[in-house]
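Coordinates in review
One letter stands for each residue in the lines below.
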Amino acid sequence: MRLYLDSADTDQWNRLLPSGIFYGVTTNPLLAARAGLDYGQINWSELARRVCDLGGSELHGQIVGDEIAALRFAENIYDIGAKLQLETVVKIPLTRQGIYLAPKIRAMGGKILMTACYSAHQMIIAQAIGADYIAPYVGRMAEAGRDIDTQLRQIKSMSAMGKCRPLLASLRSVTQMIDLIDMGHDCFTISPAIADALMEEPLTLTAAQEFEAAAKTGV
C-alpha cells in the first residue's frame, strides 16, 4: 500500500507526514491556490527540502503554461530532486498538448505522472508513453456520471500490461477508498481530511482510554 498526501499546505505536511503513513506529497495549481500560494512563485527547492526533512520519498509537481515553461519546470524539479536525493515526479495533464510533451519530459530521465484521467482509455496512452503513474480522478469521475466501478477495474486490469501504476486521486471518503482496495488498487493520494478519518475509530479510542485508566488504577 502506498499513500500520498494531496496538499500544498505545509502546515498539513508538518502535522501529518510524521505519522509515517505517507510515501510522499502530491501538489497541483488548485491545491496551491487553496493553500494561498502563487503557483508561479513557489520555491520548489524549499518545498522539496521540507518533504525530505519530514521523511517523504517523493514530491509530485505539475507543469503549467506552454512547452517552454513546462520543459523548464521539469528540468528544474528533476535537478532539485537529484541534489536532495528525493524522487521528484512531473505531473502532466492528459490533454493532447500534454501527451505530446510527455516523451520530451520523460527523456530527461525522471518519473512522470499523467494526471486528470477520467476514462479507462487514457490508460492506453499512459502505458504507451511509458508513464510511471496515472491519476484517475475518482470523485470527479463519479460526479460526472462515469461508471467508476467499470472504469477503474479496466484501469487496474491494464496496469498489469506495463509499468504505469494507477495513483487514485480525488477521493471523497474512506469507504470509497476501501472499495477501491477491494478492487485491487493500492496507491492513493488523499486529502488531510481523509487522512484524519483513516486515523479515527471511536471504539479504538475508547479501548485505549480504558487501558490507560486500568494502568493508573492497577485494575
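Structure first, text after, so check above.
Note that this is a predicted model, so its numbers are computed, not measured.

1. Description of the overall build of the protein chain
The secondary structure content of the protein chain amounts to 11 helices and eight strands. Computed over its C-alpha atoms, the radius of gyration of the protein chain comes to 19 Å, within 12% of the 17 Å expected for a compact globule of 219 residues. Projecting the C-alpha coordinates of the protein chain onto the three principal axes gives extents of approximately 70 × 40 × 30 Å. When the 219 residues of the protein chain are sorted by exposure, 45% land in the buried category. Across the protein chain, contacts joining residues at least 24 apart in sequence account for 59% of those joining residues at least 6 apart.

2. Examining the side chain of D6
With respect to the helices and strands, D6 occurs in strand β1 (residues 2–6). The side chain of D6 is buried and forms no salt bridge, while K91, the nearest opposite charge, is found at 4.9 Å. Of note is the side chain of D6, whose polar atom sits 2.6 Å from the side chain of T26. Sequence-distant contacts of D6, defined by excluding residues within four places in its chain, comprise T26, L31, T189, I190, S191 and P192.

3. Focus on helix α6 (residues 121–129)
Listed in full, the buried residues belonging to α6 are Q122, M123, A126 and I129. The buried residues of α6 all sit within an arc of 125° when viewed along its axis, so they share a single face. Of the residues in α6, the exposed ones pointing more than 90 degrees away from the buried face are H121, I124 and A128. Of the residues flanking the end of α6, it is G130, one or two places downstream, whose phi is positive at about 90°.

4. Here we look at the sheet that holds strand β6 (residues 133–136)
Taken together, the eight strands give an open sheet; going across it, the order is β7-β6-β5-β4-β3-β2-β1-β8, and neighbouring strands pair in parallel fashion. Since the sheet does not close on itself, it has two edges, and those belong to β7 (165–166) and β8 (187–190), each with one partner.

5. So, the environment of H185
Structurally, H185 is set in the loop between α9 (174–183) and β8. Distance in space between the C-alpha atoms of H185 and P166 is 7.5 Å, their sequence separation being 19 residues. In this structure H185 touches L152, K156, P166, L168 and L180, once residues within four positions along its chain are discounted. There is a polar contact of 3.0 Å between the side chain of H185 and the backbone oxygen of L152.

6. Digging into the nonpolar core
Membership of the largest hydrophobic core comes to 57 residues, with the highest contact counts inside it found for W44, L59, I112 and M114. Sorting elements by how many residues they give to this core places helix α4 (residues 67–84) first, with seven residues. Judged by nonpolar contacts, the second largest core, of nine residues, contains Y4, A135, Y137 and C187.

7. Focus on the packing of aromatic side chains
Both the distance between ring centres and the angle between the ring planes are used here to describe each pair of aromatic rings. Evaluated as defined, the whole model comprises five aromatic pairs. Relative to Y23, the ring of Y4 has its centre 5.9 Å away and its plane inclined at 75°; by these criteria the two rings are edge-to-face. Of this pair, Y4 sits in strand β1 while Y23 is found in the loop between α1 (10–16) and β2 (24–26), placing the two residues 19 residues apart along the sequence. Using a relative accessible area of 0% as the deciding quantity, one classes Y4 as buried.

8. Things to note about the layout of surface pockets
Counted as a void, the largest pocket has a volume near 600 Å³. The set of elements that each furnish at least two residues to the lining of the largest pocket consists of α2 (29–34), β5 (111–117), β8 and α10 (192–198). The biggest single contributor to the lining of the largest pocket is α2, with four residues. Its residues assigned to classes, the lining of the largest pocket comprises 15 nonpolar, nine polar and six charged.

9. Let's talk about a negative patch on the surface
Side chains of D147, D149, D179 and D182 sit close together on the surface and give a patch of like negative charge. By the element assignment, D147 lies in the loop between α7 (138–143) and α8 (148–159). We classify D147 as partly exposed; its relative accessible area is 44%.

10. Some thoughts on the environment of I42
Mapped onto the elements of the fold, I42 is located in the loop between α2 and α3 (44–53). Taking the relative accessible area as the measure of exposure, I42 reaches 15% and is therefore buried. Residues I42 and A32, spaced 10 residues apart in sequence, show a C-alpha to C-alpha distance of 8.7 Å. Apart from the residues within four sequence positions on either side, I42 is in contact with A32, L37 and L47.

Basis of the calculations
Residues numbered from 1 in each chain as written. Predicted model: local features only at pLDDT ≥ 70, side-chain atom pairs only at ≥ 80, totals over all residues. Heavy atoms only, no water. Helix = DSSP H or I, 4+ residues; strand = E, 2+ residues; numbered from the N terminus. Rg over C-alpha atoms; globule rule 2.2 N^0.38 Å. Buried < 20%, exposed > 50% of the residue type's maximum accessible area, 1.4 Å probe, protein only. Contact = heavy atoms within 4.5 Å. Lys, Arg positive; Asp, Glu negative; His and termini not counted. Salt bridge = Lys/Arg side-chain N within 4 Å of Asp/Glu carboxyl O. Polar contact = N/O pair within 3.5 Å; in protein donor to acceptor, adjacent residues only side chain to side chain. Arc of directions from axis to C-beta. Pairing = 2+ DSSP bridges. Core = buried A, V, L, I, M, F, W, Y, C linked by side-chain atoms within 4.5 Å. Phe/Tyr/Trp six-rings, centres within 6.5 Å; stacked < 30°, edge-to-face > 60°. 1 Å grid on protein atoms, 1.4 Å probe; cavity = no way out; pocket = protein on both sides within 12 Å on 5 of 7 lines; lining within 4 Å. Points joined across faces, edges and corners; volume = space filled by probe spheres on them. Nonpolar A, V, L, I, M, F, W, Y, C, P; charged D, E, K, R; others polar. Patch = residues over 30% accessible without salt bridge, like charges linked within 9 Å, V, L, I, M, F, W, Y side chains within 5 Å. Areas by Shrake-Rupley, 256 points an atom, 1.4 Å probe, with all protein chains shown as cover. Charge placed at Lys NZ, Arg CZ, Asp CG, Glu CD.

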